[in-house]
Structure formats: C-alpha cells, structure tokens
Amino acid sequence: MTSTFLADKRSGPDAGPPPPDADARRGRARRRLLDWLTAMGFQVPALVLFTGLVLLPMLFALYAAFFRWGGFGMPEDYVGVDNFTDLFHNPVFLGDLWRCLVLVLLSLAIQLPFALAMAVLLNQRLRGRAVYRMLFFAPYVLSEAITGVLFSMVFAPDDGLADHLLGGIGLDGVGGEWFADPSYVMATLFIVMTWKYFGFHMMLYLAGLQSVPKELTEAALIDGAGPWQRFRSVTLPLLAPTIRISVFLSVIGSIQLFDLVWVVTQGGPDHHSETMAVTMFQYGFKRYQVGYASAISVVMFGICLVFALAYQRFVLRRDLEGATTTMRGAGK
C-alpha cells in the first residue's frame, strides 16, 4: 500500500523530469567531442604556422643572445649577458634609443594631430571628398621600398624636386643634402614618414567619426555651442578610443621602423638616422654577429612588450572592460 502510494506520488503532476537516458547522454558527449575536434581542426594550421614562424624563432633568438655566434652551425661560445652589457655601452645603440624617442614624440605631436585635423575636415560635406580621402590614403598603400626610392629622388641634392621648388620661391640656400647632412636627416626622414603613414591614421579617425551620433552634435548646436566647443565636448570624447588605438600603433611602429630607413639612408650619415632595427640588421647580416643582433632583437621585443602591457593596463583598460562587458551581456 505504501509503495503504491509512493509510486503514484512520483508519477503525479509535481514529479520531476525523468532521469536522462544513457543513449542521449552519449549522443551529447559525441556531439561535444565532434564540435571540439572541428574547432581544433581549424586552429591547428594557424597554431603550427604561429609556432614555426613566430614562437620558435623568438625562443631561438633569446637563446642565441647569450652566445657569441656568427650565424653558422649551432651557438657554442657562451658569453652570458655580455651581449646585453656591451649593448648598453654601445653609443650607436644608445643613439638608436634616443632617435626612437624623438620619432615617437614627433609622431604624437605632429603626425597624429595632422591626421586628426584632416579626418575632421574630410568628414564634412565637401565636393570630391571621396577623391581627397583616396589621395591621402594612397601613400600608405605603397610599399616602403617604393616610398624610399621616390623620396630619394625628391630630396636628391641640387637636382631633386624639393630643391627646385625651394629655388622657385627664392629659398635656394634652404635645400641641399637632405639625407646626407646629420643636422637635417632626421627631420627629412620624419617628413617622409608622415607622408607615408598619416593617411592610415586619418582613415582610423574617419571611421571613428562615422560612429559619433549626429544627434549629439545637433543638440550641442541647438544649445549654442560653436564648432570648437562641439569638437572638444562631443566629438573628441567619443573619438578617444580610436585615438588611443592610433597612438598605440604609432608608438609600436616607430620602435620597429626599419625598411623605410634602410632604403633611404641605410642609417647614415655616420649612424645619425639609424634605428634599433637597422642596427640589428647591420650586426646580424653585415657583420655576422648574430648573437649580438639577437640581443638587440630581445631588447626591442622587451621594450614593445613593456609598453604594450603598460598601455593596456593604464590607457586601454576602460575600453577593454567595456568590450568585455558588452560581450558578456550579448552572451546572456
């Protein structure tokens, strides 16, 4: 009688769901395994390429940095940290660090504000603005080698376009050996860099400006705000995440600058335009001091890594937290 009552109670309307069937559990497990294998199948080629072309060379460069090695055979002459200590007593490398800092500061103070101003201008309703956008972005599409050869001809001494233009307006004495004079080579090189890369940052800012709601600027206009007030109080705060990404890319690019400098000056005259990457190339592929060049690469990687982590921690933190919150909200 009691067992019958309990059986009726379990089968009543308040009874819980029946226990899952063993076959259904095995089916779900097989589907999960199949999904995992499919995901891994798509990831394995990328992981193999990343390991073989990025991770292993980085680890080997770190290993070779502790050897005096010419690049042939396996490293055997272990010197410990001597390559690193010699590096920070090398006036050429210390000059590379200083020139890197100068390029970073010039990019942040001149190149990026210029790109932002052009983006704001080309975001207005202008006739032919699509053509202007294309023309300003076109230099970024060119390779660094083509850009270097082009400006080697533009700034050729006495016969280049720059000297002819200056001579046409009565400034004959201003021109000269643009890339051969230690006093002018970095400034000239920065002009070439700005021409090459400002279009990329301009397009970043244009993309950011497209996401600024027009309702906010129209409301500020109704409230009597002028163009500068609207830009400072409405546009600039909403554009701040894009500006932070642009600054990050500009700094990392300045630290790793190589091909443009190599094509134009090869670090000359007398190392006055040399960067860390050019010095690394000189020691590794010209002097066959691969261990020393590996130490330079490790220091470059360390500088980029420290900057990236610090920038993410103190500058990009709000942007990353907002993205994480949005993703979590979308997954609910």
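To keep things clear, this report deals only with the structure shown in the data block. (Residues numbered from 1 in each chain as written. Predicted model: local features only at pLDDT ≥ 70, side-chain atom pairs only at ≥ 80, totals over all residues. Heavy atoms only, no water.)

## Looking at the overall build of the protein chain
Inference 1: When you go through the protein chain residue by residue, the secondary structure sums to 14 helices and zero strands.
Inference 2: Residues counted as buried form 33% of the 332 residues belonging to the protein chain.
Inference 3: For the protein chain, long-range pairs separated by at least 24 residues make up 65% of all intrachain contacts whose partners lie at least 6 apart in sequence.
Inference 4: Only carbon and sulfur atoms are counted for the fraction: they give 67% of the accessible area of the protein chain, which is about 20900 Å². (Helix = DSSP H or I, 4+ residues; strand = E, 2+ residues; numbered from the N terminus. Buried < 20%, exposed > 50% of the residue type's maximum accessible area, 1.4 Å probe, protein only. Contact = heavy atoms within 4.5 Å. Areas by Shrake-Rupley, 256 points an atom, 1.4 Å probe, with all protein chains shown as cover.)

## Here's the deal with the packing of helix H8 (residues 185-210) against helix H10 (residues 227-255)
Inference 1: Relative to each other, H8 and H10 sit at 150 degrees, their axes nearing to 9 Å. Classed by the angle they form, the pair H8 and H10 counts as roughly antiparallel. Pair H8 / H10 crosses with right-handed handedness. Within the contact between the two elements, H8 uses Phe200, His201, Leu204, Tyr205, Gly208 and Leu209 and H10 uses Thr235, Leu239, Thr242, Ile243, Ser246, Leu249 and Ser250.
Inference 2: Along the lines of polarity and charge, the residues of the contact of H8 with H10 split into seven nonpolar, six polar and no charged. (Axes fitted to C-alpha atoms, helices over the stretch in contact; angles between N-to-C directions. Parallel < 35°, antiparallel > 145°, perpendicular 65-115°, else oblique. Left-handed = near helix turned anticlockwise from the far one by under 90°. Nonpolar A, V, L, I, M, F, W, Y, C, P; charged D, E, K, R; others polar.)

## Quick notes on the side chain of Thr242
Inference 1: Its place among the elements puts Thr242 in helix H10.
Inference 2: Ignoring anything within four residues of it in the chain, the contact list for Thr242 reads Leu204, Tyr205 and Gly208.

## Observations concerning helix H13 (residues 290-314)
Inference 1: Taking 1.5 Å per residue as the helical rise, H13 with its 25 residues ought to reach 36 Å, and the 36 Å between its terminal C-alpha atoms agrees with that figure.
Inference 2: Along H13, the residues classified as buried are Val290, Gly291, Tyr292, Ala293, Ser294, Ala295, Ile296, Val299, Met300, Cys304 and Tyr311.
Inference 3: Each element contacted by the buried residues of H13 is listed here: helix H2 (22-64), helix H3 (82-87), helix H4 (91-122), H10 and helix H12 (276-286). (Expected span 1.5 Å × (residues − 1).)

## Here's the deal with unusual backbone geometry
Glycine aside, the phi torsion of most residues is negative, and most peptide linkages are trans.
Inference 1: Each neighbour pair has its own omega, and for Gly268 with Pro269 the value is 0 degrees, a cis peptide bond.
Inference 2: Its location among the elements puts Pro269 in the loop between helix H11 (259-264) and H12.
Inference 3: The phi dihedral of His271 is positive, around 70 degrees, even though this residue is not glycine.
Inference 4: Locating His271 in the fold gives a position in the loop between H11 and H12.
Inference 5: Residue His271 is classed as partly exposed on the basis of its relative accessible area of 29%.
Inference 6: At Tyr288, a position not held by glycine, the phi torsion is positive, near 55 degrees.

## Considerations on the pattern of salt bridges
Inference 1: Per the stated rule, a full pass over the model turns up three salt bridges.
Inference 2: We note a salt bridge from Asp77 to Arg68, for which the minimum N-O separation is 3.4 Å.
Inference 3: Under the relative-accessibility criterion, Asp77 is labelled partly exposed at 37%.
Inference 4: Look at Arg68 and you get exposed, because its relative accessible area is 52%.
Inference 5: Between Asp96 and Arg99 there is a salt bridge; the shortest N-O distance is 2.7 Å. (Salt bridge = Lys/Arg side-chain N within 4 Å of Asp/Glu carboxyl O.)

## Structural notes on the nonpolar core
Inference 1: By size, the foremost hydrophobic cluster in this structure holds 35 residues, and its most contacted members are Met202 and Ile296.
Inference 2: Every element with two or more residues in this core is listed here: H3, H4, H8, H10, H12 and H13.
Inference 3: Counting residues per element, this core draws most heavily on H4, at nine residues.
Inference 4: Look past the residues within four positions of Ile296 in its chain and what remains in contact with it is Leu87, Phe93, Met276, Thr279, Met280 and Tyr283. (Core = buried A, V, L, I, M, F, W, Y, C linked by side-chain atoms within 4.5 Å.)

## Observations concerning the state of the cysteines
Inference 1: Counted by the stated rule, this structure contains zero disulfides.
Inference 2: No disulfide involves Cys100; its nearest neighbouring cysteine sulfur is the one of Cys304, lying 8.1 Å away. (Disulfide = S-S within 2.5 Å.)

## Here we look at a positive patch on the surface
Inference 1: Where like charges cluster on the molecular surface, the positive patch consists of Arg25, Arg28, Arg30, Arg31 and Arg32.
Inference 2: Mapped onto the fold, Arg25 is located in helix H2.
Inference 3: For Arg25, a relative accessible area of 41% puts it in the partly exposed group. (Patch = residues over 30% accessible without salt bridge, like charges linked within 9 Å, V, L, I, M, F, W, Y side chains within 5 Å. Lys, Arg positive; Asp, Glu negative; His and termini not counted. Charge placed at Lys NZ, Arg CZ, Asp CG, Glu CD.)

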